[in-house]
Amino acid sequence: MFENETKMNAETNTRVMKRILQKSRILVGVMGALLLAMGIALLMTEIFVWKEGDYLFNIFMIVFGTILIVFCFALSPILSRASKKTMRDQETVLRYTFHENEYQLVTALSDGTTSQTQGNYLSFTKVCEFKDMWILYLNKSSVFAVSKEGMITGTEEEFTQFLRQKFGAKYKVCFNRK
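So, a few notes on the structure that sits alongside this text.

Rules used in this analysis
Residues numbered from 1 in each chain as written. Predicted model: local features only at pLDDT ≥ 70, side-chain atom pairs only at ≥ 80, totals over all residues. Heavy atoms only, no water. Helix = DSSP H or I, 4+ residues; strand = E, 2+ residues; numbered from the N terminus. Rg over C-alpha atoms; globule rule 2.2 N^0.38 Å. Buried < 20%, exposed > 50% of the residue type's maximum accessible area, 1.4 Å probe, protein only. Salt bridge = Lys/Arg side-chain N within 4 Å of Asp/Glu carboxyl O. Core = buried A, V, L, I, M, F, W, Y, C linked by side-chain atoms within 4.5 Å. Contact = heavy atoms within 4.5 Å. Patch = residues over 30% accessible without salt bridge, like charges linked within 9 Å, V, L, I, M, F, W, Y side chains within 5 Å. Areas by Shrake-Rupley, 256 points an atom, 1.4 Å probe, with all protein chains shown as cover. 1 Å grid on protein atoms, 1.4 Å probe; cavity = no way out; pocket = protein on both sides within 12 Å on 5 of 7 lines; lining within 4 Å. Points joined across faces, edges and corners; volume = space filled by probe spheres on them. Nonpolar A, V, L, I, M, F, W, Y, C, P; charged D, E, K, R; others polar. Phe/Tyr/Trp six-rings, centres within 6.5 Å; stacked < 30°, edge-to-face > 60°. Lys NZ or Arg CZ within 6 Å of the ring centre and 35° of its normal.

1. Overview of the overall build of the protein
Okay, so step 1: A tally of helices and strands in the protein yields three helices and nine strands.
Okay, so step 2: Scaling as 2.2 N^0.38, a compact globule of 178 residues should have a C-alpha radius of gyration of about 16 Å, whereas the protein reaches 22 Å, well beyond that.
Okay, so step 3: Taking the principal axes of the C-alpha coordinates as reference, the protein spans close to 70 × 40 × 30 Å.
Okay, so step 4: Taking all 178 residues of the protein together, 33% fall into the buried category.

2. Details of the pattern of salt bridges
Okay, so step 1: Taken as a whole and judged by the stated rule, the model has nine salt bridges.
Okay, so step 2: Across the pair Glu-3 and Arg-95 runs a salt bridge whose closest N-O atoms are separated by 3.6 Å. With Glu-3 in strand β1 (residues 2-8) and Arg-95 in strand β2 (residues 92-98), this residue pair connects regions lying 92 residues apart in the sequence.
Okay, so step 3: Among the salt bridges present, the one from Arg-15 reaches Glu-11, with a minimum N-O distance of 3.5 Å.

3. Points about the nonpolar core
Okay, so step 1: In terms of nonpolar packing, the biggest core is built from 27 residues, with Phe-98, Trp-134, Leu-136, Phe-159 and Leu-163 touching the most fellow members.
Okay, so step 2: At the level of secondary structure, the elements contributing two or more residues to this core comprise β1, β2, β3 (102-108), β5 (126-129), β6 (133-137), β7 (143-147) and α3 (156-167).
Okay, so step 3: Here this core gets five residues from one element, more than from any other, and that element is β6.
Okay, so step 4: Apart from the residues within four sequence positions on either side, Leu-163 is in contact with Val-127, Trp-134, Leu-136, Gly-168 and Tyr-171.

4. Observations regarding a nonpolar patch on the surface
Okay, so step 1: A grouping of Ile-40, Met-44, Ile-47, Phe-48, Val-49, Trp-50, Tyr-55, Ile-59, Val-63 and Ile-67 is seen on the molecular surface, where their side chains present a nonpolar patch of about 950 Å² in accessible area.
Okay, so step 2: If you tally residues by element for the nonpolar patch, the top one is helix α1 (residues 10-50), at six residues.
Okay, so step 3: Here Val-49 is to be found in helix α1.

5. Here we look at the layout of surface pockets
Okay, so step 1: Counted as a void, the largest pocket has a volume near 380 Å³.
Okay, so step 2: Lining the largest pocket are 15 residues, with Ile-20, Lys-23, Lys-126, Cys-128 and Tyr-137 positioned closest to its centre.
Okay, so step 3: Among the secondary structure elements, those contributing two or more residues to the lining of the largest pocket are α1 and β5.
Okay, so step 4: Among the elements that take part in the lining of the largest pocket, α1 stands out by supplying six residues, more than any other.
Okay, so step 5: Class assignment for the residues of the lining of the largest pocket results in six nonpolar, four polar and five charged.

6. Some details on the packing of aromatic side chains
Okay, so step 1: Within the structure shown, the criterion is met by 15 aromatic pairs.
Okay, so step 2: Centroid distance Phe-60 to Phe-64: 5.8 Å. Interplanar angle 10°. Geometry classified as stacked. Taken as a pair, Phe-60 and Phe-64 lie in helix α2 (residues 56-87) at a separation of four residues, close to a single helical turn.
Okay, so step 3: Ring centres of Tyr-103 and Phe-124 lie 5.0 Å apart, and the angle between their planes is 50°; on these two criteria the pair is classed as tilted. Residue Tyr-103 is found in strand β3, and its partner Phe-124 is found in the loop between β4 (114-120) and β5; the two are separated by 21 residues along the sequence.
Okay, so step 4: Given a relative accessible area of 5%, Tyr-103 falls into the buried group.
Okay, so step 5: With relative accessibility at 1%, the residue Phe-124 sits in the buried group.
Okay, so step 6: Three or more aromatic residues joined by ring pairs make a cluster, and in this case those are Phe-2, Tyr-96, Phe-98, Tyr-103, Tyr-121, Phe-124, Trp-134, Phe-144, Phe-159, Phe-162 and Phe-167.
Okay, so step 7: Positioned above the aromatic ring of Tyr-137 is the side chain of Lys-126, whose terminal nitrogen or guanidinium carbon lies 4.7 Å from the ring centre.

Below you can see the structure in the form of structure tokens.
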């Protein structure tokens with residue numbers, strides 16, 4: 001059995017969101033750069049080689065590529081502000097208990113409200129290990145963020161081994177171990 005207590009506040013929530021959206025941000029940035037480069041290349045070709053043509057599509061590609069690149073870099077500050085506004089100095093304590101065949105989550109909100117969830121490991125689609133936390137995905141929009149600092153029963157290494165055993169190919173290490 002492993003027990004963990006993770007404190008979720010605006011800062012922790014922002015770190016989780018950045019990690020979840022990391023690949024999406026890269027993909028959006030690359031798409032934006034490609035659209036921008038193709039738009040500029042096609043526009044230059046039409047202006048200097050063909051000396052005629054409809055520039056609207058090329059300009060659209062340049063503008064849309066620029067918007068995607070700006071969105072890629074503006075996403076983190078937007079999420080951070082939204083998280084701070086939503087959390088408003090509130091802290092949620094998530095107490096995870098991982099048994100051999102099931103997990104249990106007790107959520108305690110700062111206003112004293114508590115809730116309890118339990119399930120089996122088949123409900124998780126993947127697990128990503130980061131330097132400071134594990135993120136267990138229930139689906140694309142619902143995750144459990146388990147802080148490595150919050151281990152109460154069991155060690156970080158033992159829990160990592162437990163997760164690797166439970167999830168096999170669904171377990172991904174998302175940082176460079178040194």
